[in-house]
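Notes for the structure review
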Amino acid sequence: MTSAAAGSPVDGLLATASIVLSLLVAVWALIAAVRHRPPDRVQFVGLAVLELALLALGVSALVAVGGGDRPGEPGAFYGYLVTLVCLPPLAWVLARMEPTRWGSAIICAVCLVAPVVVVRLQQTWEVLGG
């Protein structure tokens, strides 16, 4: 398997920051869930900041596509992109509906899925066959 294309808009500092931020929020939410605590303000602020970072990542990818760059697997790429920007709002809504430790567990689970989707987004940007 080849590495991501040089100059890929989904492979760089913004993607790394999104992954790290997501994992930090996941750890915070896991600690809260283990301690039987409902989601707190820090978790919701973390989700909001994560959403901003993911939106910036998505916009940079769309700008690159508008500039003539193309992902290797367009269908999968756009599917992952839409999924990625929908994850934090989904976690927010579900955690607000479940104001118990399970709300924190929901945030933790979603924040563990987000880095996987970022990596898949990077993989689908790769140029296939040369």
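Residues numbered from 1 in each chain as written. Predicted model: local features only at pLDDT ≥ 70, side-chain atom pairs only at ≥ 80, totals over all residues. Heavy atoms only, no water.

1. Remarks on the confidence of the model for the protein chain
Chain-level pLDDT for the protein chain is 89 on average; 92% of the residues reach the 70-or-more range. When the criterion is pLDDT under 50, residues 1-5 qualifies, and its contacts beyond four places in sequence or with other chains add up to nine contacts. (pLDDT = per-residue confidence, 0-100. Contact = heavy atoms within 4.5 Å.)

2. What to know about the side chain of Glu-51
Structurally, the position occupied by Glu-51 is in helix 2 (residues 41-66). No salt bridge forms around the buried Glu-51; measuring N to O, its nearest opposite-charge neighbour Arg-96 is 15 Å away. Those residues in contact with Glu-51, other than ones at most four positions away along the chain, are Val-85, Pro-88 and Pro-89. (Helix = DSSP H or I, 4+ residues; strand = E, 2+ residues; numbered from the N terminus. Buried < 20%, exposed > 50% of the residue type's maximum accessible area, 1.4 Å probe, protein only. Lys, Arg positive; Asp, Glu negative; His and termini not counted. Salt bridge = Lys/Arg side-chain N within 4 Å of Asp/Glu carboxyl O.)

3. Notes on the packing of helix 2 against helix 4 (residues 101-125)
Closest axis-to-axis distance for the helix 2/helix 4 pair is 12 Å, and the angle between their directions is 15°. Relative to helix 4, helix 2 is oriented roughly parallel. Pair helix 2 / helix 4 crosses with left-handed handedness. Residue-level inspection shows Gln-43, Phe-44, Leu-47, Leu-50, Leu-54, Leu-57, Ala-61, Ala-64 and Val-65 of helix 2 in contact with helix 4, the latter providing Ser-104, Ile-107, Cys-111, Val-118, Leu-121 and Trp-125. Here the contact of helix 2 with helix 4 is built from residues that sort into 13 nonpolar, two polar and no charged. (Axes fitted to C-alpha atoms, helices over the stretch in contact; angles between N-to-C directions. Parallel < 35°, antiparallel > 145°, perpendicular 65-115°, else oblique. Left-handed = near helix turned anticlockwise from the far one by under 90°. Nonpolar A, V, L, I, M, F, W, Y, C, P; charged D, E, K, R; others polar.)

4. Things to note about a nonpolar patch on the surface
Taken together, the side chains of Leu-90, Trp-92, Val-93, Leu-94 and Met-97 define a hydrophobic patch exposed on the protein surface, amounting to about 470 Å² of accessible area. Among the structural elements, Leu-94 can be located in helix 3 (residues 74-97). (Patch = residues over 30% accessible without salt bridge, like charges linked within 9 Å, V, L, I, M, F, W, Y side chains within 5 Å. Areas by Shrake-Rupley, 256 points an atom, 1.4 Å probe, with all protein chains shown as cover.)

5. Details of the packing of aromatic side chains
Scanning all chains against the criterion turns up three aromatic pairs. With centroids separated by 5.5 Å and ring planes inclined at 80°, the aromatic side chains of Phe-77 and Tyr-78 adopt a geometry described as edge-to-face. With a relative accessible area of 32%, Tyr-78 lands in the partly exposed category. Every member of this aromatic cluster is reached through a ring pair, and the members are Phe-77, Tyr-78 and Trp-125. Over the ring of Phe-44 we find Arg-96; its NZ or CZ atom is 5.6 Å from the centre of that ring. Just above the ring of Trp-102 sits the side chain of Arg-101; from NZ or CZ to the centre is 4.7 Å. (Phe/Tyr/Trp six-rings, centres within 6.5 Å; stacked < 30°, edge-to-face > 60°. Lys NZ or Arg CZ within 6 Å of the ring centre and 35° of its normal.)

6. Considering unusual backbone geometry
Of note, the phi angle at His-36 is positive, near 60°, even though the residue is not glycine. Of note, His-36 is situated in the loop between helix 1 (13-34) and helix 2. On the accessibility criterion, His-36 (52% relative accessible area) is exposed.

7. Topic: the side chain of Ser-18
Note that Ser-18 resides in helix 1. A distance of 2.9 Å separates the side chain of Ser-18 from the backbone oxygen of Leu-14, its partner in a polar contact. Dropping the residues within four chain positions of it, Ser-18 is found in contact with Leu-50, Ala-53 and Leu-54. (Polar contact = N/O pair within 3.5 Å; in protein donor to acceptor, adjacent residues only side chain to side chain.)

8. Description of the environment of Ile-106
Along the chain, Ile-106 turns up in helix 4. Looking at Ile-106, the relative accessible area reads 23%, which means it is partly exposed. When the C-alpha atoms of Ile-106 and Pro-38 are compared, they prove to be 10 Å apart, with 68 residues separating the residues in sequence. Ile-106 has contacts with Ala-91, Leu-94, Ala-95 and Glu-98, leaving out every residue within four places of it along the chain.

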